[in-house]
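# Report on the structure
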Amino acid sequence: MKNEVSNVNACALVRVSDFIELSERFGSYLDVSSSSLKTYKSGVKKFLTFISDNGITQPTRDTVLAYKKDLMQKHTASATALYMSSVRRFFRWLDSEGLYKDITNGIKSPTVDKGHKRDFFTASQLKNIISDIDRKTLKGKRDYALFCLLSATGLRTIETQRASIEDIRTVGGEPVLFVQGKGRSSKSEFVKLSDPVLKAITEYLSARGAVADDEPLFASLSHRNFGGRMTTRSISRIAKSAMKHAGYNNKLLTAHSLRHSAVTLALLAGMDIRQVSAFARHSSINVTMIYAHDVERLKSQVENAISKAIFD
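Now for a quick tour of the structure. (Residues numbered from 1 in each chain as written. Predicted model: local features only at pLDDT ≥ 70, side-chain atom pairs only at ≥ 80, totals over all residues. Heavy atoms only, no water.)

Let us look at the pairing of strand β1 (residues 168-171). Taken together, the four bridges between β1 and strand β2 (residues 174-179) define a ladder with antiparallel strand orientation. Following the sheet pairing, Val-171 is matched in β2 by Glu-174. Adjacent in sequence and paired antiparallel, β1 and β2 are bridged by two residues, among which Gly-172 carries a positive phi angle near 60°. (Pairing = 2+ DSSP bridges. Helix = DSSP H or I, 4+ residues; strand = E, 2+ residues; numbered from the N terminus.)

Structure, rendered in structure tokens:
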């Protein structure tokens, strides 16, 4: 009971300006990776902007519900869930510190569809895109090597962006690229580099000239950041540009589609699901099972059998 009284009294003392300062303390409290910290702080900032814009000095449960409704009108379910997660964690922390009661208690995030929201390429489509990339220039060689790597290894754009030349090594006689995976703090995992992919990367590095081993594997060619590490946005743009140039201009086809394609093609080829899960560095085999379900549906002849019964 004392805690409840303390929290209610604290609510009366905290104002929007105080929340801004408290959000900084909240950031110091979190024991998460730098990228996760950035996400949480951004999510809290978005909520504070919402209450400030609406003249709210003492947010309540109704405020959070209104914020959730506003998010769902402007963002996807997954983005809304991410923003709500930040707000919930912030107010749980405030409550634990006796600074403000948890006004998010019992408020659910929208249900996020666990299916895939991106299309995938067939092997022949990927061949068409790869063969369409002009490799005469340094930019062309870089983009070709980049697209080959993404297609054959299923790397995430952030993993590709973090890669350096020195991360290409040999393990058990096999050429590999060590990567810093999602949620990882070091480059503790690797993907194998097939001969065509390694050849594409080698040709690009040769054309690039003498550079230090700790330089980024794929370097920017822009005037402002020449030779520097590319952004994930630039990598995504290069992949999307190659798709569009080859005639695949579908909004559901993105750089992430290449990762989706790699996993799907592996399963279609009959690879063991546990091996595919390890290859994709999924946090759980349940994630890989989503892909496996899609593959089983693609292989299913149910619709054909029904049509045959009706129309033949």
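This part takes up the nonpolar core. If you look at soluble globular proteins, the nonpolar side chains tend to sit buried side by side. Within the largest apolar cluster, 37 residues are counted, with the highest numbers of intra-cluster contacts made by Phe-147, Leu-177 and Met-243. Put simply, the parts of the chain that give this core at least two residues each are α6 (123-132), α7 (138-153), β2, α9 (195-208), α10 (232-245) and α11 (255-268). For this core, the element with the highest residue contribution is α7, accounting for seven residues. Filtering out sequence-adjacent residues up to four positions away, Leu-177 remains in contact with Leu-149, Leu-155, Ala-163, Ser-164, Asp-167, Ile-168, Glu-189, Phe-190, Val-191, Leu-193 and Leu-217. Residues Leu-71, Val-87, Phe-90 and Ile-107 belong to the second largest nonpolar core, which totals 23 residues. (Core = buried A, V, L, I, M, F, W, Y, C linked by side-chain atoms within 4.5 Å. Buried < 20%, exposed > 50% of the residue type's maximum accessible area, 1.4 Å probe, protein only. Contact = heavy atoms within 4.5 Å.)

A separate point is α10. Along its 14 residues, α10 runs 20 Å from first to last C-alpha, staying within 8% of the 20 Å computed at 1.5 Å per residue. For α10, the full list of buried residues reads Ser-234, Ile-235, Ile-238, Ala-239, Lys-240, Ala-242 and Met-243. Elements in contact with the buried residues of α10: α6, α7, α8 (157-162) and α11. Looking one or two residues past α10, Gly-247 carries a phi angle of roughly 100°, positive in sign. (Expected span 1.5 Å × (residues − 1).)

Take α7 next. Given 3.6 residues to a turn, an α-helix orients residues that are three or four positions apart in the same direction. For α7, built from 16 residues, the straight-helix expectation of 22 Å at 1.5 Å per residue is met to within 8% by its first-to-last C-alpha distance of 22 Å. Taking burial as the measure, the 16 residues of α7 include twelve buried ones, the bulk of the element. Those residues of α7 lying buried are Gly-140, Arg-142, Asp-143, Tyr-144, Ala-145, Leu-146, Phe-147, Cys-148, Leu-149, Leu-150, Ser-151 and Thr-153. Residue Gly-154 follows α7 closely and has a positive phi angle near 70°.

So, about the sheet that holds β2. With antiparallel pairing, the three strands of this open sheet are ordered in space as β1-β2-β3. Of all strands in the sheet, those with a lone pairing partner are β1 and β3 (189-192), marking the two edges. Averaged over all adjacent pairs, the angle separating strand axes in this sheet is 45°, with direction ignored. The sheet contact formed by β2 and β3 spans four bridges and is antiparallel. Across the sheet, Leu-177 pairs through a bridge with Val-191, a residue of β3. (Axes fitted to C-alpha atoms, helices over the stretch in contact; angles between N-to-C directions.)

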